[in-house]
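An overview of the molecular structure
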Amino acid sequence: NRNMKAKIINILSIFILFLSFSALYYLIPKAVIFWENKDIIVKGASSSQLEKPSFSKAERSFLAKDGNQLKEQDFSTIANPFLVFNPEAPIKRDGYGETYSRSAAGVAIDAKTGTILYEQKATEKMPIASLTKVMTAIVVLEKIRNLDDTIVTIDQEAVLAEPSKIGCATSASCDSNLLQVGEKISARHLFDAMLIGSTNDAAIALGKHVAGSQEEFAKLMNQKAQELGLKNTHFCNPSGLDPDDLNQKCYSTAYDFARISAYSLRHDEIWRAFRIPEKDFSSVDGKITHNVKNTNQLLEEMPNCDGAKTGFTFEAGKTLMMVAHHPNDKNIKVVAVILNNNHRWDDIADVFEWCFNAYQWPK
């Protein structure tokens, strides 16, 4: 009997050890997956849904492409205790499928929680053109304490910028005075011109004033991207113009840039500028006057539009970032980014309409 009991105890001990090692084998990889994706907020769910979390097709596609090589079956096992749950996140209404735009890549996120509402190839690295200026604005504001009292002297490198510059919407369309070499102008005017009219000369002048050169300013931009935890973004200059010798090294993703844009919402100066339809300003001595017009075609047409940043280069195509608030609640904001889309204005309006109809935000 004693031998039999000893055998049973040994068998039970071996079985318990087996279960323990199996549990560790199962849980550790999931913990790693969670840690690597801790900055990704999964759609909000009710408490009853936490036991069996549901991932949409868009979320499965998005997470699988975030460099983790996740397989389909992983989505049923990531959760509990590894599901990231935010009670403030919007919840998708029953009966809504997915939406798509005519973009090479795109994404829409809830500005407050980071919840992904819509995505298409959201983590694919692509050139973003003048959307870059949003990060330029962030760095400028965090390096220059007082835009009004800071005076910038314009040099030849800024003056030679093409194609969009102060006074010229394109290289063939100029209806105001250009910046002049040696002209002194406030950082405030350059900052506003950069965001209102997407002017490259203003971006270059501000970048050089802050860091001494475009290259050194780009280092500050990339440092900020790293601080924000962005894995797939690299800036080359403050304007977003694609240099011929570096065009493969200047990129971001729709998702990374949506996160940059959501971060920028803490800077009221950026979104104040985005809402200015047109601005007249002059040099410090008052001898040279300038004018810039807003590139946002929906500024007056879309009542809930909080601001937008446009971009275009031949490499990037037509790009667009926009923030809009819920038609019934100004505190609910969605950030949308679409890249390489010839129908960007129509499509981004459709994305916002779908998001606000497809999701319900907690009260």
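Note that the structure is a prediction, hence the values are computed from the model and not measured.

Criteria and thresholds
Position numbers for residues start from 1 in each chain and track the written sequence from start to end. Only residues with pLDDT of 70 or above have their local features reported here, since the model is predicted, and side-chain atom pairs are shown and tallied only from 80 upward, although totals for entire chains, interfaces and linings are computed over all residues. Computation of side-chain values covers all heavy atoms of the structure but excludes hydrogens and water. Strands are runs of DSSP state E lasting at least two residues, helices are runs of H or I lasting at least four, and both sets are numbered from the N terminus onward. By definition, residues are in contact when any of their heavy atoms lie within 4.5 Å. DSSP calls a pair of strands paired once it identifies at least 2 bridges connecting them. To get an axis, fit a line to the C-alpha atoms, keeping to the stretch in contact for a helix; angles then go from 0 to 180 degrees between the N-to-C directions. Here's how the labels work: a residue is buried when its accessible area is under 20% of the maximum for its type, exposed when over 50%, partly exposed in between, all with a 1.4 Å probe on protein chains only.

The subject of this paragraph is the environment of K143. Mapping K143 onto the fold places it in helix α3 (residues 132-143). In this structure the C-alpha to C-alpha distance between K143 and A211, which are 68 residues apart in sequence, comes to 9.4 Å. Beyond its immediate sequence surroundings of up to four residues, K143 is in contact with V210 and L220.

Taken together, five strands build an open sheet; the order of strands is β3-β2-β12-β11-β10 and the sheet is antiparallel. Looking at strand neighbours, the two that pair on one side only are β3 (116-120) and β10 (305-313), the edges of this open sheet. Adjacent strand axes in the sheet meet at a mean angle of 10 degrees, parallel and antiparallel pairs treated alike. Looking at chain direction, strand β11 (residues 317-326) and strand β12 (residues 329-339) are connected through seven bridges and run antiparallel. Each residue of the ladder has a partner; that of H325, found in β12, is K333.

Bringing the environment of L299 into the picture now. Relative to the helices and strands, L299 resides in the loop between β9 (289-293) and β10. Overall, the relative accessible area of 14% leaves L299 in the buried class. Linking L299 and I276, residues 23 residues apart in sequence, is a C-alpha distance of 8.9 Å. What L299 contacts, discounting residues up to four positions off in sequence, is F274, R275, I276, P277 and N294.

Function cannot be inferred from these measures alone, as they are strictly geometric.
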